[in-house]
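Report on the structure
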Amino acid sequence: MKKQFYNSEDSKMDVKNIIEKISQAADKGERVDGDSISEELEKMMDYKKLMSKQTPIALLDYKKKLDSTKNASKILEAANTEINNSGIVLPTGSLLFHGGSLWNDSTNSIITERPLSTTLNLETACYFMNTNKAKSRKNIFILTIKDYGIKSFVYNNKTKHSNEKEILLQAGIQLSLTNEMPIKTDYNDFYIVEVDVRMP
């Protein structure tokens, strides 16, 4: 399989630009234009071509049953097996969001033990940041795919909550903090956390 890369110089959107947009909106007391960011990220990674044509049962169960079952460990294991068997490799340099918590605030790097839910939709990440039940601080993670070979499943626009633009990453990847920035607004205080995603 040919390695996929995109050149950030050909795009109007990179991590620095995203942070600037969020910071400027916060300073003005305005809502950031998440749709324009999402649209640009979709173009960068050729999102529609990566989108699945069909969703395997194991990955439908992940979306529909994970939060309402006692068999969460089996669902997670089956979902990860499906990602590894039939998932696609994300282009190196892809940018993704995650809202909430990924690790203890004193930790700078982890290897994931379960599939990681990410999104191209900044508003979705903000929603999960604000509804996160963990008692840690609020975070918006911006993840950059650094290594080729990281498997993922890109949900199509026919599945439940397709507006979330969810991309599920395989378990066993290394997440490393590279930078973080506090954001303060009249209605919310949170951190933007930059994370590199690699194979361990």
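Coordinates for the structure precede this section.
So, here's what we can say about the structure. (Residues numbered from 1 in each chain as written. Predicted model: local features only at pLDDT ≥ 70, side-chain atom pairs only at ≥ 80, totals over all residues. Heavy atoms only, no water.)

So, the overall build of the protein chain
Along the backbone of the protein chain there are six helices and nine strands. Scaling as 2.2 N^0.38, a compact globule of 200 residues should have a C-alpha radius of gyration of about 16 Å, and the protein chain matches this with 16 Å. With the C-alpha coordinates of the protein chain rotated into their principal frame, the extents come out at 45 × 40 × 35 Å. In the structure as shown, the protein chain presents an accessible area of about 11,200 Å², 45% of it carried by carbon and sulfur atoms. (Helix = DSSP H or I, 4+ residues; strand = E, 2+ residues; numbered from the N terminus. Rg over C-alpha atoms; globule rule 2.2 N^0.38 Å. Areas by Shrake-Rupley, 256 points an atom, 1.4 Å probe, with all protein chains shown as cover.)

Structural notes on unusual backbone geometry
In this structure, D46 is a non-glycine residue whose phi angle is positive, near 55°. Locating D46 in the fold gives a position in the loop between α2 (34-45) and α3 (47-50). The phi dihedral of K165 is positive, around 50°, even though this residue is not glycine. If you trace the backbone, K165 turns up in the loop between β6 (151-154) and β7 (166-169).

Some details on the side chain of T119
Tracing the sequence through the fold places T119 in strand β4 (residues 116-119). Looking at T119, its side chain comes within polar contact range of the main-chain nitrogen of N121, at 2.8 Å. Polar contacts involving the side chain of T119 include one to the main-chain carbonyl oxygen of E164, which spans 2.4 Å. In contact with T119, other than residues within four places in its own chain, are L96, F97, T124, A125, E164 and K165. (Polar contact = N/O pair within 3.5 Å; in protein donor to acceptor, adjacent residues only side chain to side chain. Contact = heavy atoms within 4.5 Å.)

Structural notes on the packing of helix α4 (residues 57-65) against helix α5 (residues 72-86)
At their nearest, the axes of α4 and α5 sit 8 Å apart, and the two run at 140° to each other. Classified by the angle their axes make, α4 and α5 are oblique. The handedness of the crossing between α4 and α5 comes out as left-handed. Contacts between α4 and α5 involve A58, L59, D61, Y62 and K65 on the former and, on the latter, I75, L76, A78, A79, E82 and I83. A breakdown of the residues in the contact of α4 with α5 according to their chemical character gives eight nonpolar, no polar and three charged. (Axes fitted to C-alpha atoms, helices over the stretch in contact; angles between N-to-C directions. Parallel < 35°, antiparallel > 145°, perpendicular 65-115°, else oblique. Left-handed = near helix turned anticlockwise from the far one by under 90°. Nonpolar A, V, L, I, M, F, W, Y, C, P; charged D, E, K, R; others polar.)

Quick word on the packing of aromatic side chains
Summed over the entire model, instances satisfying the criterion amount to three aromatic pairs. Geometrically, the ring pair formed by W103 and F141 is edge-to-face, given 5.8 Å between the ring centres and 80° between the ring planes. With a gap of 38 residues between them, W103 in the loop between β2 (95-99) and β3 (109-111) and F141 in strand β5 (residues 139-145) connect regions that are remote in the sequence. Across this residue pair, the class does not change: W103 and F141 are buried. Where Y127 meets F128, the ring centres are 5.2 Å apart and the plane angle is 85°; that geometry is what we call edge-to-face. (Phe/Tyr/Trp six-rings, centres within 6.5 Å; stacked < 30°, edge-to-face > 60°. Buried < 20%, exposed > 50% of the residue type's maximum accessible area, 1.4 Å probe, protein only.)

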